Each structure stands twice: as C-alpha cells, then as structure tokens.
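# Examining the three-dimensional arrangement
Each chain is listed here by its residues.
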Amino acid sequence: MSSSESILPRPPADGPQRVIIVGAGLGGLACAMAMHYQGFEVVIFEKVRQFLRLGDSLGLGENALKLLKRWGLHDELIAIGNKSPDMHIRRWHDGKILATQPLMDMAGYIGHRGDYHDCFIKRVNQLGIPIHMGHEVVEYNDDECSVTLKDGRTFWADLIVGADGIKSRARELVLGFQDKPKSSGYACYRAFFKGDVLRNVPECQSLLKEDCVNIWIGEDMHLVQNTLRNGEEFNWIITHKDTEDIKESWFQPGNMDDVRELIKGWDETIASAVRVTPSCLDWKICYRAPLPTWVSKSGRIALLGDSCHPHLPTSAQGASQATESAAVLALCMKLAGRGNVPLATRVYEKLRFDRVRQSQLSGEDLRNRWHNALKHLNDGEDLDPDDIKIKNRWLYPFDAEADTRERWPEMSAKVKSELESGNITPLFGEEGPPRVLTVRDAYGKVKDAVPSQYSVLPGLTV
Ligand SMILES: Cc1cc2nc3c(=O)[nH]c(=O)nc-3n(C[C@H](O)[C@H](O)[C@H](O)COP(=O)(O)OP(=O)(O)OC[C@H]3O[C@@H](n4cnc5c(N)ncnc54)[C@H](O)[C@@H]3O)c2cc1C
C-alpha cells in the first residue's frame, strides 16, 4: 500500500465486519487466520518494512497445532520442528542425566521462530489477507474504534486487535497508564549459529550427531541446548540471576567474556561449545504483572499475545497461547454476532485469563524447581527425577474452540448482565491474580501442574 493511497473507508453496515490487527508477529498472524475463517474482513498493519529470520528456538505445542491445522497449516510446521523424541535434564558439572522425558512434554515442536513466522506469513498471504508492512500505528481512538498511522492516516474497524508484542502501545491505551517492565531478577544469554562452528571441538560432537535437546541445571542457573534442521544449526540459552538495569530488547548484544566466566566448571560437552561461540544476545527477562483487563473501555480494542500475556522461555508456550487467544477471540466475535463486539471481547478475556495465567506460572515454577533442585541435596543423595520434570502435559489436549463453545452460554450471560449494569469485573480481584498451580502429593512432592478448573486426582492437592 503506498502512503498516498487511501484504503479502508469506515466499514459499511451491511458488509462483513472488519478487524484491524496491529502487529504481524505469530500472535497477530494467527489472529488474522482465525478471524478470516470466522468470516471477518481482516487488515494487518506491521511497523517493520521487512521480516528477517529473527530470534531462535520457539516451541509450538499440540494445543496450538490443532488450531493451526484448521486454518490450513500443519505438515510444514511439523517439518520445521526438532526431531528428537526425548530431552535429557543433566547435572551442570558432569552432564549426568538426572531425568529424561518426551520432548512433547515440554514444548511440542521446537523450531526456529523465523521459520514458523515465514509459514504463518505465507498462509496469511494465500488467504488473501493484506499485511501492510512499514505501517506503524501511533494512536488508537477508543471511541471511534480507529487507528492512526505514523503518516497521519486514520483507519476504522469494528474491532481492533493490539497484537503489538511485549512493548505494546495498545496496552497503554487499554490500561490508561504506561506499564513499565520490572526486572524479574533473571536474564538469558542466547546464541544461535551454524553447527559447523563446532566442527573442530571434539568434546561437543555428541550434540551434533542428530537432533537433540539437553538441559543442564545448576544452582540459580540453567542452560537449554538444542539443534535445529538436523544438527545444521545450534542453539543455547543460559538463564541466570541478573540484577542489572533492564533494557527490554530482542537484539541487545551479550558479552561472551561474561558468558565464558559464567560457565566455568560446567560439563565440557556443553562448556566447550559455549566457549567457541562467536557472539550472543543478552536478553533481560522482564516481569510484567498480569493485567486487570485486556480490553479497552469501549470494548472494541482487545489485546492479544505478548501484549497481554508474555511468557518466560521455560514455559515454551508464548506462541501457542497467543494462537489459542486468537482462536477464542475470533470465535467469540462470531458467537456474539454483529453489533456485539464488547460482549465478544469481554467474554474472550474472561475465558482466557485463568488458563493463560497458569501457563505463565508453569514457566516460573519450572525455572524455580531447576534452580533449586541441587541446592539441598546431601552428598551421594539422589534427586527424584519427578522433581525436575517439565509438567506441561495438561496444556496440550485442550481445544480452545471447543472450550469456548462449551462455556459461551454461561459466560456470555454473565458478561451481558455486567455490560447492562456497567459493572465490569476485572480479571482478578483485590486478592490478586491466582498464584498457585503446582499439584503435590501427600509428601509435598510436585506431581503435576494443572489449572484450578481441572479436577485433581485423589491424594493430591493443589
Ligand atoms: C524479533 C523477535 C524475536 C523473538 N525471538 C524469540 C525467540 O527466539 N524465542 C521465543 O520463544 N520467542 C521469541 N520472540 C517472541 C515470540 O515470537 C512471541 O512470544 C510469540 O510469538 C507471541 O508473539 P506476538 O505476536 O504476541 O508478539 P511479537 O512476536 O513480538 O510480534 C509483535 C509484532 O508487532 C509489531 N508492532 C509492534 N508495535 C507496532 C506498531 N505500533 N504498529 C505496527 N506494528 C507493530 C512488531 O514489529 C512485531 O512484528 C521474539 C519476538 C520478536 C519480535
């Protein structure tokens, strides 16, 4: 679209309802597909001019894949994923395997973010949905349900979706204040490079033979390593304590001397690979408290994905939860019917909040278990593998669309009465958002992680 071109007059009353999506990340693109399949006219504005193969490894779980399949994407996504059936959780200094579990318990399919993104873009293009690149949204008008671009043009829609990522501008409008990130106390060094770099490093050759995923856990630190494209590409991410000032960025360079210092004494299989790594990124993990709402006052601007529910890397669910949110929002729009956008968006946030929160918390829970597992072991004492296993399995059988259809009658009736009374309940009360998620047995051992609405097996407590 050229900047002189005038697109999108106000949506006509008798045509399909129009959805403007701000941001063509995985969340925005999933939302575009979902909205298209529910019969809406979709337009995407994306601020960057061109997409590069950015980021590194990202997981797509079965919970997202079943939705993406309905929107015409499946085999090409599976083909991107790491082919290892299992992952190993190892001790930091000698690499001893402490636990082994199927990769599907963790992330589902681990692939390069850029490759998944490319598949999403191709599908959105195939569906004929316009993505307007180099079009930065600088203003949202809640009363008018419009967005204004940097070049001054304004566009109207029935619904606007703020899928504009972790540094979302839409979030400021929805909240009415700037939501500054706080340091989580942790940071990640991330590196992604061709496996060839390690060709002359004998100690790490076992990691290059075939696709693999390994995690080394130590005190207050863990390292996740995986290959991509059958060992052609190599990725490591070190999560460590960090109290430095935060700069929220996907691109901040890390200091490899600091990294080499950090992994002194670690298992040579991985330490040798880290030492020769040419460069890395320093990714501060910012904490953002759960938002009391994802929807603007008028009910016609809704947040989706990282703008309202960012995840820690240990949850491996950021993209998958954004995909679920896309499916739920689109179906709510369909079920609410024309002229009922605020009903749709308010039901959407209420249906999504608990599940998303528990998925976020599972990432925190796992990081804490890994960082503490070896702290209190006496010499010679063995660790129970169950204590460090990833407990994400409950996330995968979920069908976000089926769940929405099932809960729509009750939730929409509740929201209708809230809208009539003007008394909209926030997503969590004064006691704060839910924090408990881990299921323990009678001895206090972690058995599973399930959302509170699921029933817990006899003998276990949440
Ligand atoms: C460059 C980059 C690298 C990443 N690397 C990883 C990784 O290696 N591993 C991992 O697990 N996760 C990574 N992520 C995050 C991951 O992609 C998301 O957690 C997940 O896919 C949900 O995405 P989202 O669509 O909500 O947000 P994002 O993927 O952040 O997408 C937001 C999009 O909105 C656009 N945008 C922002 N503001 C505006 C505006 N005002 N107007 C128009 N467009 C706007 C951005 O350019 C971006 O394309 C990365 C994200 C980015 C942007």
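See the structure printed just above.
About the criteria used
For every chain, the first residue of the written sequence is number 1, and numbering continues from 1 onward in sequence order. Restriction of local features to residues with pLDDT of at least 70 applies here, the model being predicted, together with a cutoff of 80 or more for giving and counting side-chain atom pairs; totals for whole chains, interfaces and linings are based on all residues. Side-chain measures here rest on the full set of heavy atoms in the structure, leaving out hydrogens and waters. Whether two strands pair depends on DSSP finding at least two bridges between them. Helix and strand labels come from DSSP, where a helix needs a run of H or I of at least four residues and a strand needs a run of E of at least two; each type is numbered from the N terminus. In this scheme, patches are assembled from residues that exceed 30% relative accessible area and form no salt bridge. Like charges are connected within 9 Å, while nonpolar side chains (Val, Leu, Ile, Met, Phe, Trp, Tyr) are connected within 5 Å. Note on areas: these come from Shrake-Rupley sampling with a 1.4 Å probe, and a residue is covered only by the protein chains present in the view. Take a side-chain nitrogen of Lys or Arg and a carboxyl oxygen of Asp or Glu: if they are within 4 Å of each other, that pair is a salt bridge. Categorising residues by exposure relies on relative accessible area from a 1.4 Å probe, with only protein chains included: less than 20% of the type maximum marks a residue as buried, more than 50% marks it as exposed, and the intermediate range marks it as partly exposed. For a crossover, the right-handed case is the one in which the path from the first strand over the helix to the second runs clockwise, viewed with the strands pointing away from the viewer. By convention in this text, a residue qualifies as near a molecule or strand provided that one of its non-hydrogen atoms is within 4 Å of it. Distance and chemistry together define a polar contact, namely a pair of N or O atoms within 3.5 Å, with one atom able to donate a hydrogen and the other to accept it when in protein, and with adjacent residues in sequence counting only for side-chain atoms on both sides. Three classes are used: nonpolar for Ala, Val, Leu, Ile, Met, Phe, Trp, Tyr, Cys and Pro, charged for Asp, Glu, Lys and Arg, and polar for all others, with Gly counted as polar. Domain delimitation follows an automatic or database domain assignment. Expected span of a helix, by definition, is 1.5 Å for each gap between consecutive residues, and there is one gap fewer than residues. The reported bend at a residue is simply the angle between two axes, fitted to the 7 residues ending at it and to the 7 residues beginning with it. Paired rings are identified among Phe, Tyr and Trp, the last through its six-membered ring, by centres lying within 6.5 Å, and are further divided according to the angle between planes into stacked (under 30 degrees), edge-to-face (over 60) and tilted (the rest). Whether a charge sits over a ring comes down to the Lys NZ or Arg CZ being within 6 Å of the ring centre and within 35 degrees of the ring normal. The axes used here are C-alpha line fits, helices contributing only the stretch in contact, and every angle between their N-to-C directions lies in the interval 0 to 180 degrees.

### Remarks on the sheet that holds strand β17 (residues 301-303)
In spatial order, the strands read β7-β2-β1-β11-β17; together these five strands make up an open sheet with parallel pairing. One side of each edge strand has no neighbouring strand; the edge strands of this open sheet are β7 (131-132) and β17. Two strands pair when backbone bridges link them, and strand β1 (residues 18-22) and strand β11 (residues 159-162) are joined in this way by four bridges, in the parallel orientation. Across the sheet, Ile 21 pairs through a bridge with Val 161, a residue of β11.

### Quick word on a nonpolar patch on the surface
A cluster of nonpolar side chains, contributed by Leu 52, Leu 54, Trp 250 and Phe 251, occupies part of the molecular surface with about 430 Å² of accessible area. Structurally, the position occupied by Phe 251 is in the loop between β15 (233-241) and α6 (256-262). Overall, Phe 251 belongs to the exposed group, its relative accessible area being 51%.

### Observations concerning the pairing of β1
Counted residue by residue, β1 has five buried out of five residues, so it is predominantly covered. Residues Arg 18, Ile 20 and Val 22 line one face of β1 and the alternating positions Val 19 and Ile 21 line the opposite face, and both faces are buried. In terms of strand pairing, β1 meets strand β2 (residues 41-45) through five bridges, oriented parallel. In the sheet register, Arg 18 faces β2, and the bridge partner there is Glu 41. As a crossover connection, the stretch from β1 through helix α1 (residues 26-37) into β2 is right-handed.

### Points about the site of the ligand
Lining the immediate environment of the ligand, one finds 29 residues, of which Gly 27, Glu 46, Asp 56, Arg 113 and Asp 306 sit closest. Side-chain polar atom of Asp 306 to an oxygen atom of the ligand: 2.7 Å apart, as the coordinates give it. Within the residue set of the shell around the ligand, elements represented by two or more residues are α1 and β3 (57-60). Counting residues per element, the shell around the ligand draws most heavily on α1, which supplies three residues. Of the residues belonging to the shell around the ligand, the class tally is twelve nonpolar, nine polar and eight charged. Among the domains, domain 1 (18-83 + 108-179 + 291-366 + 396-432) and domain 2 (182-287) are the pair contributing at least three residues each to the shell around the ligand.

### Observations concerning the pattern of salt bridges
One pass over the structure, following the stated rule, counts 27 salt bridges. The salt bridge partner of Arg 53 is Glu 233, with a shortest N-O separation of 2.9 Å. Residue Arg 53 is located in the loop between β2 and β3, and its partner Glu 233 is located in strand β15; the two are separated by 180 residues in the primary sequence. Overlapping salt bridges, with partners in common, bring together Arg 53, Asp 115, Lys 194, Arg 229 and Glu 233 in one network.

### Section: helix α9 (residues 341-372)
For α9, built from 32 residues, the straight-helix expectation of 46 Å at 1.5 Å per residue is met to within 8% by its first-to-last C-alpha distance of 46 Å. At Phe 353, α9 is deflected by roughly 40°, the largest bend along its length.

### Brief notes about the packing of aromatic side chains
The tally for this structure, following the rule as stated, stands at six aromatic pairs. Here the aromatic cluster, defined as three or more aromatic residues joined through ring pairs, consists of Trp 294, Tyr 348, Phe 353 and Phe 428. In this structure, Arg 355 packs its charged tip against the face of Phe 398, placed 3.7 Å from the ring centre.

### As for the sheet that holds strand β9 (residues 146-149)
Judged by pairing direction, the sheet is antiparallel, and its three strands sit side by side in the order β8-β9-β10 without closing on themselves. Two strands close off the open sheet at either side, each with one partner strand: β8 (137-141) and β10 (154-156). Pairs of neighbouring strands in the sheet enclose a mean axial angle of 25°, with direction left out of account. Here four bridges tie β8 to β9, and the two strands are oriented antiparallel to one another. Bridge pairing in β9 links Val 137 to Leu 149.

Such coordinate-based values are descriptive only and should not be taken to indicate function.
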